[in-house]
Amino acid sequence: MPIELPAKEAIHPGHLACPGCGAVIAMRFVLKGLGDKTIMAIPACCWTIIAGPFPYTALKVPVLHTAFETGGAVASGIRAALDMKGDKETQVVTWAGDGGTFDIGLQALSGAADRNENIIYICYDNEAYMNTGAQSSGATPMGTRTTTTPKDAPKSTRKKDIMQILAAHRIPYAATASIAYPEDLVRKVQKAATIEGTRFIHIYAPCPTGWKVPSEISVRLARMAVQSRIFPLYEIEDGVRYTLNQEPVGYLVDEYYKIQGRFRHLDSDALAKIQEQVDQQWQRLKSLASINSN
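So, a few notes on the structure that sits alongside this text. In this convention, every chain numbers its residues from 1, walking through the sequence in written order. Residue-level local features of this predicted model are given only where pLDDT is at least 70; pairs of side-chain atoms are given and counted only at 80 or more, and the full residue set underlies all totals for whole chains, interfaces and linings. Each side-chain value is worked out from all heavy atoms of the structure, with water and hydrogens disregarded.

1. A word on the packing of aromatic side chains
Two aromatic rings, drawn from Phe, Tyr or Trp (for Trp, its six-membered ring), form a pair once their centres lie within 6.5 Å of each other, and the interplanar angle then sorts them: stacked below 30 degrees, edge-to-face above 60, tilted otherwise. Taken as a whole, this structure holds eight aromatic pairs when the rule is applied. Summarising the aromatic geometry, the rings of Tyr257 and Phe263 are spaced 3.9 Å apart at their centres and angled 25° between planes, so their arrangement reads as stacked. Pair check on accessibility: Tyr257 and Phe263 agree, each one buried. By the ring-pair criterion, three or more aromatic residues cluster together here, those being Tyr204, Trp211 and Phe231. A ring is considered to have a charge above it if a Lys NZ or an Arg CZ atom is located within 6 Å of its centre and within 35 degrees of its normal. Geometry around Trp211 places Arg262 over its ring, the cationic atom sitting 3.8 Å from the centre. In this scheme, a residue with accessible area under 20% of its type's maximum is buried, one over 50% is exposed, and one in between is partly exposed, where area comes from a 1.4 Å probe on protein chains only.

Spelled out as structure tokens, the structure:
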């Protein structure tokens with residue numbers, strides 16, 4: 001169901017992001033959905049820089065910058081402190097990149113999810129450690145050339161399925177979202193805010209610098225990722241109830257890959273293999289969603 005996006009902005013007109021940064025677009029829409037009663041715990045990531053050096057900040061909500069691996073733990077502590085004060089209204093949010101979620105921060109996230117801490121954990125995914133130079137992460141897709149993959153040996157393993165990892169914790173709510181679909185993104189954030197317990201939102205946020213693309217096509221790339229089924233939009237409730245939010249019809253994998261510098265070395269055989277993997281994953285998701293509808 002279409003929603004009207006809130007007009008109020010929670011980001012000041014000025015920040016330190018690169019042109020076309022998907023992470024900034026993601027933050028803008030998330031804060032539209034959450035409003036002023038929000039505290040952000042931000043482990044080391046691009047947003048540590050984007051927000052600006054102390055005492056300056058690009059955000060109109062309180063921010064606690066924290067160590068790379070501690071996003072889930074710090075948010076848990078903030079929630080406990082607010083509860084002690086009787087503040088049940090303020091939303092506590094971990095805002096982390098894929099490196100601080102899929103890899104370095106996974107233990108703290110898993111611990112928070114295991115305890116079902118009353119926090120929202122948001123991962124903005126640009127598919128590498130972009131803040132420190134586009135090194136490969138657990139979120140980096142197979143076939144990507146990064147600054148830590150040998151010249152003739154791009155990443156050989158598939159992207160970690162973080163949604164399945166969180167679903168296995170049986171948390172109340174997990175969802176994927178994209179900067180190309182702001183109404184869907186804001187709706188999911190607002191829905192998450194009404195649920196108690198650990199909530200996880202995985203946002204696709206292209207990085208023009210690391211992906212070697214023009215800055216003006218970030219949103220277009222995010223839309224292509226959804227339409228090619230590389231990044232489907234869906235929700236998982238209690239770890240078992242799947243809902244697909246959109247039936248993609250449009251781009252093939254090679255159309256999406258060939259406009260990005262990080263994939264230009266891939267030949268037709270490699271692209272065909274990736275297309276097969278994407279198709280298989282989509283059929284699996286459809287099967288899981290159909291179980292709920294029967």
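2. A short note on the side chain of Thr149
In DSSP terms, a helix is any run of H or I states spanning at least four residues, a strand is any run of E spanning at least two, and both are numbered starting from the N terminus. Along the chain, the position of Thr149 falls in the loop between strand S4 (120-125) and helix H6 (162-167). Taking the relative accessible area as the measure of exposure, Thr149 reaches 13% and is therefore buried. Here the side chain of Thr149 touches Thr146 through a polar contact of 2.8 Å, landing on its backbone nitrogen. Any two residues whose heavy atoms approach within 4.5 Å at even a single point are treated as in contact. Contact partners of Thr149, with chain neighbours within four places excluded, come to Ser136, Thr144, Pro154 and Lys155. N or O atoms closer than or at 3.5 Å make up a polar contact, with two conditions inside protein: a donor-capable atom paired with an acceptor-capable one, and, for residues adjacent in sequence, both atoms drawn from side chains.

3. With respect to the pairing of S4
The side chains of a regular strand alternate, first on one face of the sheet and then on the other. Counting buried residues in S4 gives six out of six residues, a clear majority hidden from the surface. Every second residue of S4 is oriented toward a common face, with Ile120, Ile122 and Tyr124 on one face and Tyr121, Cys123 and Asp125 on the other, all of them buried. Of the pairings in the sheet, the one linking strand S3 (residues 91-97) to S4 comprises five bridges and is parallel in character. Residue pairing in the sheet places Ala96 in a bridge with Cys123 of S4. With six bridges joining them, S4 and strand S6 (residues 199-204) adopt parallel strand pairing. The residue bridging Ile122 from the neighbouring strand is Ile201, located in S6. Paired strands, in this sense, are two strands between which DSSP finds at least two bridges.

4. Observations regarding the pairing of strand S5 (residues 173-178)
For S5, the buried fraction is high: six of the six residues fall into the buried class. Here S5 shows two buried faces, one formed by Tyr173, Ala175 and Ala177 and the other by Ala174, Thr176 and Ser178. Here S5 runs beside S6; their pairing, made up of six bridges, is parallel. Following the sheet pairing, Ala177 is matched in S6 by Ile203. Of the crossover connections in this fold, the one passing from S5 over helix H7 (residues 182-193) to the parallel S6 is right-handed. Bridge count between S5 and strand S7 (residues 234-237): three bridges; the pairing is antiparallel. A crossover counts as right-handed when, viewed with the strands pointing away from the observer, the path leading from the first strand over the helix to the second turns clockwise.

5. Overview of the environment of Asp36
Tracing the sequence through the fold places Asp36 in the loop between helix H1 (22-34) and strand S1 (38-43). Using a relative accessible area of 42% as the deciding quantity, one classes Asp36 as partly exposed. It is 7.6 Å that separates the C-alpha atoms of Asp36 and Lys60, two residues lying 24 residues apart in sequence. For Asp36, the contacting residues outside a window of four places in its chain are Lys8 and Val61. A distance of 2.5 Å separates a polar atom in the side chain of Asp36 from a polar atom in the side chain of Lys8.

6. Quick notes on the environment of His15
For His15, the location among the structural elements is in the segment before H1. Residues within four places of His15 in sequence aside, it is in contact with Val24, Ile50 and Ala58.

7. Notes on the sheet that holds S3
Judged by pairing direction, the sheet is mixed, and its eight strands sit side by side in the order S2-S1-S3-S4-S6-S5-S7-S8 without closing on themselves. Since the sheet does not close on itself, it has two edges, and those belong to strand S2 (63-66) and strand S8 (241-244), each with one partner. Strand-to-strand twist in this sheet, taken as the mean axis angle between neighbours without regard to direction, amounts to 15°. Axis geometry follows a simple rule: fit a line to the C-alpha atoms, using only the stretch in contact for helices, then measure angles between N-to-C directions, giving values from 0 to 180 degrees.

8. Some thoughts on the nonpolar core
To define a nonpolar core, start from buried Ala, Val, Leu, Ile, Met, Phe, Trp, Tyr and Cys residues and group those joined through side-chain atoms within 4.5 Å. Of all hydrophobic cores here, the largest spans 65 residues; its most connected members are Met27, Val30, Met40, Trp47, Trp95 and Ile203. The greatest single-element share of this core, amounting to eight residues, is contributed by H1. Beyond its immediate stretch of four places on either side in the chain, Ile203 contacts Ala26, Val30, Ile122, Cys123, Tyr124, Asp125, Ala177, Ser178, Ile179, Leu185 and Phe231. Judged by nonpolar contacts, the second largest core, of 19 residues, contains Met163, Leu166, Phe200 and Ala289.

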